[in-house]
Amino acid sequence: MTIVNTAAGALRGIRENGINAFLGVPYAAPVTPERRFEAPQPVLPWADVRDATRLGPVCPQIPTYGPVGTAATSKLAFGEDFLTLNIRTPDPAGRAPVLFWIHGGGYAVGSANEPVLQSGAFAASGIVEVTVNYRLGALGFLHIDGKPDNRGLLDLIAALEWVRDNIAAFGGDPDRVTLAGRSAGGFAVATLMAMPRAAGLFHRAMPQSGASTAIASLEDAAKLSHRFLVAANADDARLAALPMERLLEIQRDLCNQSYEQHDFARDGTAAMLGVPFVPVVDGVSLPEHPEIAAQAGRTAAVPMMIGCTTGEYVTHATAQPDMDFTLCAKLLHERVLPCGLEGSGIVACYRAALPDHSPRGIWRAIAGDLVFQLPAIRFAKLHARFSRVYKYLYGPLEADELGAPHGAEVGAVWYRDGSNSRDLPERQRMTDAGFAKAIHNLWVSFIRDARPVAPNGSWPLYDAERAMVLQLAPAGSHIVPDPFNGREALWLPAGHEDRGPV
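Residues numbered from 1 in each chain as written. Predicted model: local features only at pLDDT ≥ 70, side-chain atom pairs only at ≥ 80, totals over all residues. Heavy atoms only, no water.

Another point: the confidence of the model for the protein. In the predicted model, the protein carries a mean pLDDT of 92, and 98% of its residues have values of at least 70. Confidence over residues 495–502 falls short of pLDDT 50; this stretch has 18 contacts with residues more than four positions distant or in other chains. (pLDDT = per-residue confidence, 0-100. Contact = heavy atoms within 4.5 Å.)

A word on the sheet that holds strand β7 (residues 96–102). Paired through backbone hydrogen bonds, the strands of a sheet run either parallel or antiparallel to each other. The strand order across the open sheet formed by eleven strands is β3-β4-β6-β8-β7-β9-β10-β13-β14-β15-β16, and the pairing between neighbours is mixed. The outermost strands of the open sheet, each flanked by one partner alone, are β3 (14–16) and β16 (478–481). Strand-to-strand, the axes of this sheet are offset by a mean angle of 25 degrees, without reference to chain direction. The pairing of β7 with strand β8 (residues 128–132) spans five bridges and is classified as parallel. Its bridge partner being in β8, Phe-100 is matched across the sheet by Val-130. The sheet contacts of helix α4 (residues 151–166) involve β4 (19–26), β6 (84–89), β7, β8 and β9 (172–182), and relative to β7 the element is tilted by about 165 degrees. Across the sheet, helix α15 (residues 433–449) is in contact with β7, β9, β10 (204–208), β13 (304–309), β14 (389–394) and β15 (468–472); its angle to β10 comes to roughly 145 degrees. (Pairing = 2+ DSSP bridges. Helix = DSSP H or I, 4+ residues; strand = E, 2+ residues; numbered from the N terminus. Axes fitted to C-alpha atoms, helices over the stretch in contact; angles between N-to-C directions.)

Our next topic: helix α6 (residues 218–232). Taking 1.5 Å of rise per residue, the 15 residues of α6 would be expected to cover 21 Å, and the 21 Å separating its terminal C-alpha atoms lies within 8% of that figure. Taken together, the buried positions of α6 are occupied by Asp-220, Ala-221, Leu-224, Ser-225, Arg-227, Phe-228, Leu-229 and Ala-232. Looking at the residues trailing α6, positive phi occurs at Asn-233, about 50 degrees. (Expected span 1.5 Å × (residues − 1). Buried < 20%, exposed > 50% of the residue type's maximum accessible area, 1.4 Å probe, protein only.)

Right, let's get into α15. Here α15 is 17 residues long and its end C-alpha atoms lie 24 Å apart, about the 24 Å a rise of 1.5 Å per residue gives. The opening residue of α15 is Asp-432, an N-cap whose side-chain oxygen sits 3.3 Å from the backbone nitrogen of Gly-434. Positioned one or two residues after α15, Ala-450 has a phi angle of 60 degrees, which is positive. (Polar contact = N/O pair within 3.5 Å; in protein donor to acceptor, adjacent residues only side chain to side chain.)

Moving on, we come to the side chain of Asn-256. With respect to the secondary-structure elements, Asn-256 resides in helix α7 (residues 244–260). When its relative accessible area of 17% is taken as the criterion, Asn-256 is described as buried. One polar contact links Asn-256 to Thr-64, side chain to side chain, over a distance of 3.2 Å. Each residue touching Asn-256, except ones within four places of it in the same chain, is listed here: Thr-64, Tyr-65, Gly-66 and Gln-261.

Enumeration over the complete set of coordinates arrives at twelve aromatic pairs. Taken together, Phe-22, Trp-162 and Phe-170 form an aromatic cluster joined through their ring pairs. One residue, Arg-351, lies across the ring of Phe-325, its end atom 3.6 Å from the ring centre. (Phe/Tyr/Trp six-rings, centres within 6.5 Å; stacked < 30°, edge-to-face > 60°. Lys NZ or Arg CZ within 6 Å of the ring centre and 35° of its normal.)

Quick look at a nonpolar patch on the surface now. Taken together, the side chains of Met-1, Ile-3 and Val-49 make up a nonpolar region of the molecular surface, amounting to roughly 310 Å² of accessible area. Structurally, the position occupied by Met-1 is in the segment before β1 (3–5). When its relative accessible area of 71% is taken as the criterion, Met-1 is described as exposed. (Patch = residues over 30% accessible without salt bridge, like charges linked within 9 Å, V, L, I, M, F, W, Y side chains within 5 Å. Areas by Shrake-Rupley, 256 points an atom, 1.4 Å probe, with all protein chains shown as cover. Salt bridge = Lys/Arg side-chain N within 4 Å of Asp/Glu carboxyl O.)

Here we take up the nonpolar core. In globular proteins that are soluble, nonpolar side chains generally tend to be buried together. Residues Tyr-27, Ile-87, Phe-100, Ile-102, Phe-202, Tyr-350 and Trp-491 are the most contacted members of the largest nonpolar core, which totals 129 residues. For this core, the element with the most residues is helix α13 (residues 359–384), which contributes 15 residues. Among the nonpolar cores identified, the runner-up in size contains 32 residues, and Ala-180, Leu-424, Ile-447 and Leu-472 belong to it. (Core = buried A, V, L, I, M, F, W, Y, C linked by side-chain atoms within 4.5 Å.)

Inspection of the secondary structure puts His-357 in the loop between α12 (343–353) and α13. What makes His-357 buried here is its relative accessible area of 15%. Between the C-alpha atom of His-357 and that of Pro-26, which follows or precedes it by 331 residues, the distance is 50 Å. Excluding residues that lie within four positions of it along the chain, His-357 makes contacts with Phe-325, Ile-362, Ala-365, Asp-400 and Glu-401.

Consecutive side chains of a regular strand alternate in pointing toward one face of the sheet and then the other. Burial analysis of β14 places six of its six residues in the buried class, which makes it a mostly covered element. Relative to β14, β13 is paired through six bridges, and the arrangement is parallel. Of the residues in β14, the one forming a bridge with Met-305 is Tyr-390. Where β14 and β15 come together, three bridges link them in parallel fashion. Bridging from a neighbouring strand, Leu-393 pairs with Gln-471 of β15.

Let's shift gears to the side chain of His-316. In this structure, His-316 sits in the loop between β13 and α11 (325–336). When its relative accessible area of 10% is taken as the criterion, His-316 is described as buried.

Pairing is mixed in the open sheet, where three strands are placed in the order β1-β2-β5. Edge positions in the open sheet fall to β1 and β5 (50–51), since each of these has one partner strand only. Sheet topology note: the strand β2 (residues 10–12)/β5 ladder contains two bridges and is parallel. Within β5, the position partnered with Arg-12 by the bridge is Asp-51.

Here the focus is the packing of α11 against α12. Running from N to C, α11 and α12 cross one another at 120 degrees; their axes reach a closest spacing of 7 Å. By the angle between their axes, α11 is oblique relative to α12. Crossing handedness for the pair α11 and α12: right-handed. In this structure, α11 contributes Phe-325, Cys-328, Ala-329, Leu-332, His-333 and Val-336 to the contact, and α12 contributes Gly-343, Ser-344, Ile-346, Val-347 and Arg-351. (Parallel < 35°, antiparallel > 145°, perpendicular 65-115°, else oblique. Left-handed = near helix turned anticlockwise from the far one by under 90°.)

Next comes the structure, spelled out in C-alpha cells:
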C-alpha cells in the first residue's frame with residue numbers, strides 16, 4: 001500500500017506486479033445531469049485518505065458503429081464519476097518521463113479501463129503512465145447553444161492540467177509529458193496540438209492511426225444538433241433531464257446512420273469519416289482546423305512520432321458482405337463531396353494506379369487513405385516544417401491492400417513480459433514476444449528522449465523532401481520510402497493540382 005498527496009487530498013494506491021498503481025483518480029467533478037454539458041468542474045477536496053486501488057466507472061456508452069465499433073465498446077460498468085485517471089509509476093519518489101494516453105473508439109465508445117491498458121508496461125520500463133477517461137459522444141461533442149463546445153477535449157485539457165500540478169507526487173516529471181493516443185485518441189492528440197489552452201501541457205506528441213480528419217464546422221455541428229433534438233423531442237434546455245439510456249440510444253442511432261449511410265447534405269464533412277460526434281472549430285476552444293494551424297506553425301512546437309498500420313481499413317471493409325466497383329463508388333461518393341469530387345472518378349483513379357486490386361482492395365485503399373493514411377502524411381509534412389517528425393508504418397505490406405489492421409499495434413505497444421493476456425481480445429494478444437518488446441521499447445525511447453531509436457539504428461526525420469518511414473514488421477524493421485506518399489495525387493481534381501482531401 002502506497003499513499004501520495006495531491007492538491008485535493010491523499011490517495012491510497014496498490015502495489016501490483018512490482019508497480020505502484022493509483023486507479024480511478026478524479027481530475028474533475030462527476031458528470032451529474034446538471035453538469036452533463038458544462039465545462040469540467042474542479043474536484044471537491046476530501047479529508048480522509050481516498051481509496052485508489054480499483055478502476056472506476058467508464059463513460060456511459062452502448063455498442064455503436066457496426067461490428068468494428070461494437071468490438072471497441074467497453075463492457076465495463078459506467079456511472080457519473082468517470083472523469084478519472086489511472087496512474088502507474090515505477091517509483092513515487094522518482095522523476096520519470098510521463099506518458100498521457102488517450103483511448104480510441106470513434107469519440108463514442110472505449111475507455112482507459114480496458115484490459116490492454118492495465119499491463120503496467122510503461123511503468124515497468126521506467127515511465128509514469130497515465131490513462132484518461134473523458135466525455136464521449138453527445139456528452140463530449142454535441143453542439144448545444146449556450147454550452148461550451150469540445151467538452152471532451154476540455155476534459156482532456158483539465159486532465160493535463162491535473163498532471164502538471166500533481167504528477168510529481170507520483171514520481172513523474174511535469175516537464176516531460178508525452179501526449180499520445182490511437183484512433184480517436186490520435187485525432188484528439190492532433191486537435192489538442194491546435195488548442196491554445198493546451199499549450200505547454202505536453203512536450204512530445206504521438207498520434208497513432210489518427211491525425212486531423214475528425215473535425216466539424218459550426219454549421220455541420222448545428223445540423224447534427226438539430227437532428228439530435230428532433231429525435232429526442234426536446235430543446236437544448238431539456239437535454240440535461242433526458243434519461244441517459246435515451247440519450248445513448250439517440251447517439252447510437254445517429255452514429256450508425258452516419259457510419260453506414262454517408263450523406264454530405266445531412267452530415268457535412270463528418271460524412272468523410274462516418275463519425276458524427278467530433279471536435280468543432282468554434283473559434284474559442286479550437287480557433288482553426290489543426291491542418292491550417294500546422295501550416296502556419298501554430299500547432300504545439302513539440303517533436304512528434306506519428307504513424308499508421310499498413311492495412312487500416314482491413315476490418316472496416318468487412319461491413320459490406322459483397323463489393324464491386326459500382327458499390328465502391330456509391331459508398332465513396334458522399335464521403336468525397338466535401339472535396340468537390342465524385343466517387344466514380346476517385347475509383348477510376350485508384351483502379352488505374354492499382355490495377356491488380358480487387359473491388360474490396362480498392363475500397364480498402366481509398367477509405368484507408370481518406371481517413372487515416374493521407375491525413376497522417378499531410379499533418380506530418382506540415383508539422384515537420386517547424387518541429388521534428390518521425391513517421392512509422394506498423395505491419396507488413398500485403399497484396400490487395402491487406403496488412404496489419406487498424407489497432408493491431410496496441411497489444412505490442414502495451415506489451416509487458418509475463419503479463420496476463422487471457423483477458424485480452426485475440427487481436428491484442430502477442431504471439432511474437434520479441435517483436436512486441438521491440439515495439440514497446442521503441443515507444444519508450446521516444447517518450448524518454450524525444451528521439452526514437454530504431455531497432456536497426458538511426459531513424460531519419462520525415463518531411464516533404466524526405467518522406468522516409470520506419471516500417472515495423474516481425475520479419476524485420478527497415479527505413480523505406482513512405483509507400484503511401486504520392487497517393488494524394490489520386491485525389492486532385494482537374495485544375496486543382498494544389499488540393500487534396502481535407
